[in-house]
Each structure stands twice: as C-alpha cells, then as structure tokens.
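Results of the structural survey
The lines below spell out each chain.
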Number of protein chains: 2
Amino acid sequence: MTLNIIGLYSGSYFLTNSCGYPYSRPEFLGLSPDEVECSADHVARPIVILKETRRLPWSAGYAEVINAGKSMLNEDQACCEVLVVKRRPAGSSTPNHPLTTRRRSSLPNGEGLVLRECLDSAEDLTFNYWALFDGHAGSGAAVVASRLLHHHIALHLQEVMEIVCTPNLQPPTCLGEELLNHHLTPTSQRALTRAASLRGAAGAPGSPGTPTTRFCTEKKISHESLVIGAIENAFKDMDIQIEREKAVYNISGGCTALVVVYLLGKLYVGNAGDSRAIILRAGEVIPMSTEFTPESERQRLQFLAYMQPHLLGNEFTHLEFPRRVQKKEVGKRMLYRDFTMAGWAYKTIEDDDLKFPLIYGEGKKARVLATIGVTRGLGDHSLKVHDSNIYIKPFLSCCPEVRVYPLAQSEHGADDVLVLGTDGLWDVLSNQEVAEAVTCFLANCDPDDQHRYTMAAQDLVMRARGVLKDRGWRISNDRLGSGDDISVYIIPLMYGNKQN
Amino acid sequence: MTLNIIGLYSGSYFLTNSCGYPYSRPEFLGLSPDEVECSADHVARPIVILKETRRLPWSAGYAEVINAGKSMLNEDQACCEVLVVKRRPAGSSTPNHPLTTRRRSSLPNGEGLVLRECLDSAEDLTFNYWALFDGHAGSGAAVVASRLLHHHIALHLQEVMEIVCTPNLQPPTCLGEELLNHHLTPTSQRALTRAASLRGAAGAPGSPGTPTTRFCTEKKISHESLVIGAIENAFKDMDIQIEREKAVYNISGGCTALVVVYLLGKLYVGNAGDSRAIILRAGEVIPMSTEFTPESERQRLQFLAYMQPHLLGNEFTHLEFPRRVQKKEVGKRMLYRDFTMAGWAYKTIEDDDLKFPLIYGEGKKARVLATIGVTRGLGDHSLKVHDSNIYIKPFLSCCPEVRVYPLAQSEHGADDVLVLGTDGLWDVLSNQEVAEAVTCFLANCDPDDQHRYTMAAQDLVMRARGVLKDRGWRISNDRLGSGDDISVYIIPLMYGNKQN
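Residues numbered from 1 in each chain as written. Chains lettered and ligands numbered in written order. Predicted model: local features only at pLDDT ≥ 70, side-chain atom pairs only at ≥ 80, totals over all residues. Heavy atoms only, no water.

The name an unreviewed UniProt entry assigns to chain A is PPM-type phosphatase domain-containing protein, from the organism Mola mola.

In structure tokens, the structure reads:
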C-alpha cells in the first residue's frame, strides 16, 4: 500500500483526503466491525490480540482490553508502521517542497516484512514506528493522532535525512553554506563591547575567550539531536493540526502519546503523557520514559500560573496547600509551597488562598485546575474548567521528552524487550512486577514461536485487568485490577541488531 | 560567643548592628590583617589552611587559594557554624515573635566542640552548618551571605523546630488546630460541581474519589520537607535582605551559595550556583548537588523569556542557535532550538533571529544575556547588560536545590567524607579525580591526626591550582591549573553517627 503525502504545510491534506477518521480499533488488528463491537464489552472485557495470520515488524507483540465502564469506547489507540522516507530531489533545500513518503503498511493479509532491510534504495530511509495513545474526554484526538503522527515524524525526518544518513557529516549550522565566514554585523560588533563576562571564562582552563574566538565558536550538533528535534517538532505540528481542524472534523478530547522510532541503529522513545516505556535487558529494567502529571510537573505549571495569573481566571491560586483552605483559617499559619519549593513551609493564610489550588489532589487523583490528571499530550484545545471560561490547554504541553537507546551497539537476546503500556497497565503493576512477569513468561515459551511476544503481551494485560470476582476485577494478592483501558506492546530488541 | 537575633522581619538588624560587613577571609581561619594581605598574592597564590590551633566541628578540613589575577580580592567566602535554635515560648504561634538563637561560634582560641551534643537542653535544637559562597562582580554579596545566611536558616528552622523535634508527630496542616473539620465553604461547594475529572481516578485501583473523600484528602508532609522548605525560604529571605540593604551598605555583586545543614541525623545540601558537593563513601561517589548554569537551565530561562519578552529589551532572542546569525543568512535554514526542545531542527531565519541569543556560548563560556555564566545565587539585583537597561536578575533564581543524605542511617568510616568545592576546583578536576586524590591521601594519613582532613583539602587545592611554570599554572598531565579562586571543605561523615 502506497500513500503519497503532498504539502502537509500548505493545507490539511491528511484529514481532507480521508474525509475524517471514524472511530475504530488499531488498523493492524484487522478487526471486522463485529469484532470491534465484541471488543467493547465492558462486562466481559475480552483481551484483544493479533490474529495468528498477522505479524507486526520485529514480531512485536500487542494486546489490549477495554475499560470497565468508565467510557463507552476504548479510548486507547495504537499504531505500528514501517515508513520509507524518500530523499528530496537534489538541490532542493526549501522546507515546504512537495515530498513523498511511502508507507510500508501494517502488513495487510498476513504478509510479513522482510527483515534486514533498512534502505529501500540508495535514495530512501526506512524507519520503524510503534505508538500508543491514551484518549480522554472523547476518542477523536487519539484516533487522529494514531493515524497521522508518524507522517509528521516522517516529514520532519525527511528534512534532515541527507544529513543523518551521511556518517561523519557534521550537520551544517546553516543549509546551503559550505564554509562559514563570520563577518561581524553591526549588532555583533556592538555585542562585542558588552561587559566582560562575569563568571566562568576567567576561571576555566585557558584564558577568557577573546571577541574573535568568541564569535567563531560554533556548537557541534549531533545526528541524534536532529532526530530528537524532528520528533519534538512532529508532536507540535500534530497538535497544531488537531487545533486547526478540530471544528471541521469534530475531533474530540485529547490524548497522551508514546512513540518509538527505530532509525539507523537507535531507538528513540518520545513520551508526552502518562504512558510508560521500559526496556528489559538481561533481567535489568531500563526506564525509557517519565510520566508527566500534575505532581511531576507541578513546578512548571505553578511557574506559568505565577507569570501569567490571568490564566487562572481569578478562581484558582498557583500556591499548593495540603488540602483546601477554609474561610475560618484566614490569618492562621498553614503549610504551602510555591513554584520555587520542593519542601513545605508555613504561611499566614490570606483571602486569596481560599481560591481553588492550581494543583490539587495526590497520586492518581492529582488534577490541574480541578480537571485533568495528565499534563502533556495532544488535543484538548477546547477543554475548559467546568462552568467557567478558563482554558486548560495553556497548562498542557504537547512536547515529548525523547530518550535514546543505542540498540545496535550491543547484542540482545530473544528475551530482551521494550515494553510499552498505557497507564492502565502501570497503575496496578510496578516495573519490577512487569519485568518478572514478562521474563518468566518468555522463558517458558518455545523460542521459535512467532507469537511469543503477543502471548506475553496478553499475559501482561490479563495480570493488569485481573479476573471478575464478586466485588469487581481482581489481580494477584486480591488487589483491585485496572478498570481503565489497557494497551501493551512487547517489542523484542534482537531484530534491531539483525536489521542493521 | 553569643549572638542575639531579634526581629529579623521587623527591621534590618543583621546589617545595622554590624555597621556593614567589611571584606575579610572566613572568620574561622582567624587570619590577622597581615595574613589576609599575604593570602591575596596573585603571583605566589599561597594555599591558606586552618591553623593547627584551630579546629572546625567534626574536624572538618578547609583550604583555599586566591585567583591568578582575575579579581583583586578572593571572591570566595566560607562559613562554618554550630547554631543553637531556642524553642519559642509555649503558646506562641505568631511568626514574627522575637526569638533568640545562640551561635556556638567557629571555635575561637582553638577550643574544640564537644561532640555527641545535639540538644543543648530539652528546649534547644542544635545544627551544624558549612557553606561556600563564590562571588562575582564584587565581593559584597558573598561577604554578607557568609555572615548572615545561617541566621536566616536558623530563623526558619525555629518556626518548625517543635514539629521536627517530635518524632512521629505529623506536621499539622494548619497551626493551632488539633482536629480538622471540613465544613464546605460556598467556594468549595461550587468546586464540587466541577467536571468529572478527566483522567486517572477512574483508571486507578478503587473507584473515583467522591466529593466527600476528595475534600478530606490531605497530603502528609514529612519532617524532612519542612527542613527543606526552611532552607529554601532562608535563601529567599537572604536575597530579599541583600536587595533591601544593598544601597545603604554598598553590597556589590552577587554570589553562588552551597550550604550543608546537619540536623537530627540528616545532611541537607542546598545549592544555588555552580559549586558542587559530592559524598565519597567506600570508594563510591554520590553527587549531592547539580550545577545551575546557562546550559543546565536553558529551558527555564527560554521559557521565561518566551512568556515575558519585555525582559529581553528588544535586543535578545529567546531562541538558541549554534552560533550568531548573520544578516546575509536571513531566509536561509538554520539550526535552532526553543524552550520546548532538547534536540535541534532547522528554521527559516527571520530578521528577529539576528538579535543576540538569550543563551550563548558553550561550557564554561556559556552566558545569559551575554553577561553571566551562573544562573542561581544571591544578589546581582543591580546587574544589567552592558550599555543597556536590561536587568539580569529576573533570569536568576535565588532558590536552592536541596538534597538529603540520611547520614545516621548507616555507619561511616574515617575515610568517608563530604567534599564541597567552588567551581575553581571542579573546572579542572572530575569527580573521579577528586575521589581518587582524597581517598589516596586519607589512606596514607595517620588516622589519629586531627588535621588529616585539612591536609587532604590542601592537597586538593594544590592539585587544582597546580604549580607555576613558564607558561602559567600547570597541574597533572601538563593541563592548565585553575586560575579561579578555589575553596574546599572536606567533612568527615563518621562524626554524624557519633553525634546522634
């Protein structure tokens, strides 16, 4: 299947071409409408896995289950693709030039991908992509992001592919310049006269930089940084596109996004939200993401609110208190913390402190503006505090944190895997529990079984969902199972070595 | 020596009482005016250590050396104190109540401190304090902070000492209330009607919080958090005091601050600047601080500039480029990154990008607003970009990062130490080099030698300064030695165990 992408920046190709994206389950599952309906049974909660006739690249495993009734639809989404980015025509250096990427599709009809293939031709760059999206307040954003985010990534990679595909090529600071010639502009000449720098240079080895050396200094940027930048800006473009087209295509809600890009020997894990990726390697757990929540991003959010208090609409305070302040407590001393503090101290309560706190609640119940429990993701442009005109979006970031794992640098065994899961998994199972379950499961599989990673993913979802007992879903040690949507990838790492 | 502190908040006691703080070397060195003058020899650069008749608490070692000519005076300062905080009169809960702390001085006349002493009486709380300050653009802020910051810490600890001294006492959210009675105010009733929370609660174990449980939720704050908050707010108060009194007392410049507080079995290391603390324990290096520089704080600074562009005075851009942009490059594609990005990407250069970048330069040469190479500290309220009206201070933070080491939880040998150093040390020696030097030095000392830690500190300063050769100061492998002021503490950890 070939898809031509033309002029993303000059219009709204993605959505107009497809007449919007109706709700469904991930394309690679190949579910019939009947099967989609069955998968949405909130009572039985069937665990959906890849059919035996279907395989994902690298034999990656996938399993999912719907929530226990929290929303009509399963608001998680997933995507898995192998994408081919074509090199720009020689001499082209304009960013908005029409370009073509071909998508090696998610294996319709059970056809497996040929492994060991990276560059389709000398002109193309192939990358692998796996992603999880966890929607809220509607399924629209997650559906759209699962269909389009990888194209945005492909477009941004296309811009730098000639550089990243050329080993030992230092990325040029400015495109279309071979040698840098630093004529001083009037502005920089003026800057030269600025104060002798106050700290650092004189104390460092060597003498303080002279103006001449100072303006010749040029940061060396790595290939890896360009890929990270491409993923970061792809998230931004995806978010902008959702905002631009949400009215036309009725894109509801927002979603988290956790993506994995395998390119030229390295795994790039980009995360915006509260999903999680961990690598299990020879029994060791390597965290590949952090969660972005009201608690983990408290200081960023408080800092923003402190600087732009109008965003709080005179109803919220940027200060945090251990609980709501009561009117009778005005004048008393209460514990608080502001954006500068990790610790707590006492302050005298004023009338302003009676406002609702910007960050309120603990753990999974923590909320921004009493509304949302996750602080990064895509969409949510229309989301407001209930019964108010206060928008949530300014406090949310669509920017992922990207971590890199140099996969091709070392050998990996058949049981070394990357586990991706939405928060439904991690709410009830710790990294260690997941590591033990997966390691134990894989050790008991036939190493030649192509479905071992899918079976392991199914096992994980089962452990997180639990079984239905008298008083609800229960997992080991009679703990409560997750009532949330749960989606899990288990991606073996040995194929990365084989491929390059 | 006893010092009574009365009414810090109600006036400017500290400075008025002393008629300002003239420049000198750290009080605990006990240098005569002649000795101070000798220590300022920029050519010989004598290493100054504690006299044999003097001892610091815990037999801590200290050594310092002046810069190679970068500034007339040694702009580093140090302080070491044992402070006794007196409990407030019973029933007092007002914050501005006059109070008394007694300072166990830095051992004049060679008198050693009695170890194993923590509480002077049932009413008092004793804590140890070591600090390093690294001044710039004048010595005033460093001198004042070295004389006063510990009193601010004592005042803030005094506010919470009854709580932190009572094991198993949960810090009360609101002072003067025994039991919390959550009557809903009209405001909170309104909040109850707010939107069902969008994420997290429903997916978590258990059912979503009902309004009743939600408003009873109260964060549990630890004793440790109160000490951290006390140190954080003490830094803020110190900075406010410098701002308030800089005109009257001609307090020049700014300074970094690295402080260690030992209280009730725990070491608290607070850092605002580019000094560094590491613990060496059984051959292992445990970092106890991070440096705050234009590079490490780039995203915070760019975020601030993005939100408050007037702070850039129309002369700077918040974007970062690998080098200055030239006028002829407008319209071309150049590498950049903004506050959301860790990676790099290309953008089309516009006229606005010709402005000087907010963050410019690399490593020790990186600067904020072409002016300063450190982004946290005290003072600098008058500092402006040369030949402009652009203030630097809004970009600087006086807030420390505080890390905690549970010293009393484990045994420590005589060679387990906390090393504090200003950037003059760390610019030329890595953590590993410092660890090897100290470990090797202490292993060759007589374990009963009271001066072994001072000798080890002297050895470290010597290794960082080097020896004067034809072409300047040289250290091992013919590398350049540090031309900066260098100050080092080596604090043995075994005394913490003995004390409690």
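**Let's talk about the overall build of chain A**
When helices and strands are tallied, chain A shows 11 helices and 21 strands. Long-range pairs, those at least 24 residues apart, make up 71% of the contacts in chain A with a sequence separation of at least 6. Roughly 19100 Å² of accessible area belongs to chain A as shown, and the carbon and sulfur atoms make up 52% of that amount. (Helix = DSSP H or I, 4+ residues; strand = E, 2+ residues; numbered from the N terminus. Contact = heavy atoms within 4.5 Å. Areas by Shrake-Rupley, 256 points an atom, 1.4 Å probe, with all protein chains shown as cover.)

**Here's the deal with the pairing of strand β8 (residues 276–281) of chain A**
Remember that side chains alternate between the two faces of the sheet whenever the strand is regular. Residues and elements named next belong to chain A. Counting buried positions along β8 gives 5 out of 6 residues, so the element sits mostly inside the fold. Summarising the sheet, β8 and strand β18 (residues 417–421) pair through 5 bridges and their orientation is antiparallel. When the sheet's bridge partners are listed, L280 is paired in β18 with V417. Between β8 and strand β9 (residues 284–287), which pair antiparallel and follow one another directly, the connecting turn spans 2 residues, one of which, A282, has a positive phi of 50 degrees. (Buried < 20%, exposed > 50% of the residue type's maximum accessible area, 1.4 Å probe, protein only. Pairing = 2+ DSSP bridges.)

**Side note on the sheet that holds strand β9 (residues 284–287) of chain B**
Sheets are built from strands paired through backbone hydrogen bonds, the pairs being either parallel or antiparallel. Residue and element names in this part refer to chain B. Here we have 6 strands laid out as an open sheet, ordered β1-β2-β21-β18-β8-β9, and antiparallel in their pairing. The strands lining the two open edges of the sheet, one partner per strand, are β1 (48–49) and β9. Against the sheet, helix α9 (residues 431–443) engages β8 (276–281), β9, β18 (417–421) and β21 (486–492), with an angle of about 50 degrees to β8. (Axes fitted to C-alpha atoms, helices over the stretch in contact; angles between N-to-C directions.)

**Quick notes on the packing of aromatic side chains**
This structure, assessed with the given rule, holds 19 aromatic pairs over all chains. Both rings, one in F303 of chain A and one in F303 of chain B, keep their centres 5.9 Å apart while their planes meet at 65 degrees; by these two values the pair is edge-to-face. Here F303 of chain A is found in helix α7 (residues 298–307), whereas its partner F303 of chain B is found in helix α7 (residues 298–307) on a different chain. Members of the aromatic cluster, connected to one another through ring pairs, are F303, Y306 and F339 of chain A together with F303, Y306 and F339 of chain B. The ring of F292 of chain A has R376 of chain A sitting right over it, with the charged end atom 3.9 Å from the ring centre. (Phe/Tyr/Trp six-rings, centres within 6.5 Å; stacked < 30°, edge-to-face > 60°. Lys NZ or Arg CZ within 6 Å of the ring centre and 35° of its normal.)

**Considerations on the sheet that holds β8 of chain A**
Overall, antiparallel pairing links the 6 strands, which are arranged β1-β2-β21-β18-β8-β9 (chain A) in an open sheet. In this open sheet, the two edge strands, each paired with only one partner strand, are β1 (48–49) and β9 of chain A.

**Quick notes on the packing of α7 of chain A against α7 of chain B**
Two numbers describe how α7 of chain A lies on α7 of chain B: the axes approach to 11 Å, and their chain directions differ by 25 degrees. The angle between the axes of α7 of chain A and α7 of chain B places the two elements in the roughly parallel class. Helix-helix and strand crossings are classified by hand; for α7 of chain A and α7 of chain B the assignment is right-handed. Residue-level inspection shows R300, F303, L304 and M307 of chain A of α7 of chain A in contact with α7 of chain B, the latter providing R300, F303, L304 and M307 of chain B. In terms of residue class, the contact of α7 of chain A with α7 of chain B is built from 6 nonpolar, no polar and 2 charged. (Parallel < 35°, antiparallel > 145°, perpendicular 65-115°, else oblique. Left-handed = near helix turned anticlockwise from the far one by under 90°. Nonpolar A, V, L, I, M, F, W, Y, C, P; charged D, E, K, R; others polar.)

**Quick look at the pairing of strand β21 (residues 486–492) of chain A**
Residue and element names in this part refer to chain A. Buried residues dominate β21, accounting for 7 of its 7 residues. Neither face of β21 is exposed, since I486, V488, I490 and P492 on one face and S487, Y489 and I491 on the opposite face are all buried. Pairing analysis gives 5 bridges linking strand β2 (residues 61–65) to β21, with the strands arranged antiparallel. In the sheet register, V65 faces β21, and the bridge partner there is I486. Pairing analysis gives 5 bridges linking β18 to β21, with the strands arranged antiparallel. Paired with V417 across the bridge in β21 is P492.

**Re a negative patch on the surface**
All names here are of chain B. Together, E52, D446, D448 and D449 give the surface a local cluster of negative charge. Note that D449 resides in the loop between α9 and α10 (452–465). For D449, a relative accessible area of 31% gives the class partly exposed. (Patch = residues over 30% accessible without salt bridge, like charges linked within 9 Å, V, L, I, M, F, W, Y side chains within 5 Å. Salt bridge = Lys/Arg side-chain N within 4 Å of Asp/Glu carboxyl O. Lys, Arg positive; Asp, Glu negative; His and termini not counted. Charge placed at Lys NZ, Arg CZ, Asp CG, Glu CD.)

**Details of the domain arrangement of chain A**
For an interface, size is often stated in terms of accessible area lost upon the parts coming together. Along its sequence, chain A is carved into domain 1 (4–8 + 19–87 + 125–166 + 221–292 + 399–497) and domain 2 (297–373). For domain 1 of chain A versus domain 2 of chain A, the distance between C-alpha centres works out to 34 Å. (Domains from an automatic or database assignment.)

**Observations concerning the packing of helix α3 (residues 140–164) of chain B against helix α6 (residues 223–249) of chain B**
Residue and element names in this part refer to chain B. Two numbers describe how α3 lies on α6: the axes approach to 8 Å, and their chain directions differ by 145 degrees. Where α3 crosses over α6, the handedness of that crossing is right-handed. In this structure, α3 contributes A141, V144, A145, L148, L149, H152, I153, H156, L157, V160, I163 and V164 to the contact, and α6 contributes H223, L226, V227, A230, I231, N233, A234, F235, D237, M238, Q241 and I242. For the contact of α3 with α6, a count of residues per class yields 18 nonpolar, 5 polar and 1 charged.

**Observations regarding helix α10 (residues 452–465) of chain A**
All names here are of chain A. Taking 1.5 Å of rise per residue, the 14 residues of α10 would be expected to cover 20 Å, and the 20 Å separating its terminal C-alpha atoms lies within 8% of that figure. With 10 of its 14 residues buried, α10 lies for the most part within the structure. Looking at α10, one finds that the buried residues are R452, Y453, T454, A456, A457, D459, L460, V461, A464 and R465. The first or second residue beyond α10 is G466, which carries a positive phi of 85 degrees. (Expected span 1.5 Å × (residues − 1).)

**Comments concerning the environment of A257 of chain B**
In this fold, A257 of chain B is placed in strand β6 (residues 254–263). Non-local contacts of A257 of chain B, meaning those with residues more than four positions away in its chain, are made with L132, F133, L149, F235, G270, N271, A272 and L378 of chain B.

**Points about the environment of L335 of chain A**
Counting through the fold element by element, L335 of chain A comes out in strand β11 (residues 333–336). Judged by relative accessible area, L335 of chain A falls into the buried class, the value being 0%. Considering only alpha carbons, one finds L335 of chain A and F321 of chain A, 14 residues apart in sequence, at a separation of 6.1 Å. Look past the residues within four positions of L335 of chain A in its chain and what remains in contact with it is E320, F321, P322, W344, A345 and Y346 of chain A together with P171, P172, T173, I221 and L226 of chain B.

**Brief notes about the nonpolar core**
Counting 56 residues, the largest nonpolar core has V419 and Y489 of chain A as its most contacted members. When residues of this core are assigned to their parent elements, the largest contribution, 6 residues, is made by α10 of chain A. Once residues within four sequence positions are removed from consideration, V419 of chain A is found in contact with R276, A277, I278, L280, W426, V434, V438, L460, V488, Y489 and I490 of chain A. The next biggest cluster of nonpolar side chains, apart from the first, holds 55 residues, and it includes L50, V269, A456 and L493 of chain B. (Core = buried A, V, L, I, M, F, W, Y, C linked by side-chain atoms within 4.5 Å.)

**Quick word on the pattern of salt bridges**
Scanning the model with the defined rule gives 56 salt bridges over all chains in all. Its salt-bridge partner being E320 of chain B, residue K219 of chain A comes within 2.7 Å of it at the nearest N-O pair. Here K219 of chain A is found in the loop between α5 (211–216) and α6 (223–249), whereas its partner E320 of chain B is found in the loop between β10 (316–317) and β11 (333–336) on a different chain. In this structure K219 of chain A comes out as buried when scored by relative accessible area, which is 10%. Relative accessible area serves as the criterion here: at 2%, E320 of chain B is assigned to the buried category.

**Thoughts on helix α9 (residues 431–443) of chain A**
Residues and elements named next belong to chain A. Between its terminal C-alpha atoms α9 stretches 18 Å, which fits the 18 Å expected from 13 residues at 1.5 Å a residue. The complete set of buried residues in α9 reads V434, A435, A437, V438 and L442. Here the buried face of α9 lies against β8, β9, β18, α8 (423–426), α10 and β21.

**Quick notes on the confidence of the model for chain A**
Residues and elements named next belong to chain A. In this model, chain A carries an average pLDDT of 84, and 80% of its residues clear a pLDDT of 70 or more. Of the regions scoring below 50 in pLDDT, residues 90–120 engages in 78 contacts with residues more than four places distant in sequence or in other chains. With pLDDT under 50 throughout, residues 178–215 is counted as low confidence; its partners more than four residues away or in other chains account for 83 contacts. Here the prediction assigns the complex a pTM of 0.85, and the interface score ipTM is 0.85. (pLDDT = per-residue confidence, 0-100.)

**What to know about unusual backbone geometry**
Its identity is not glycine, yet A370 of chain A carries a phi of approximately 60 degrees, on the positive side. Along the chain, A370 of chain A falls in the loop between β15 (367–368) and β16 (378–379). Notably, N477 of chain B is not glycine yet its phi reads approximately 60 degrees, a positive angle. Structurally, the position occupied by N477 of chain B is in the loop between β20 (472–474) and β21.

**Some remarks on the state of the cysteines**
Residues and elements named next belong to chain A. Applying the stated rule across the entire model yields 0 disulfides over all chains. Unpaired in terms of disulfides, C440 finds its nearest cysteine sulfur in C445, a separation of 9.8 Å. According to the relative accessible area criterion, C440 is partly exposed, its value standing at 45%. (Disulfide = S-S within 2.5 Å.)

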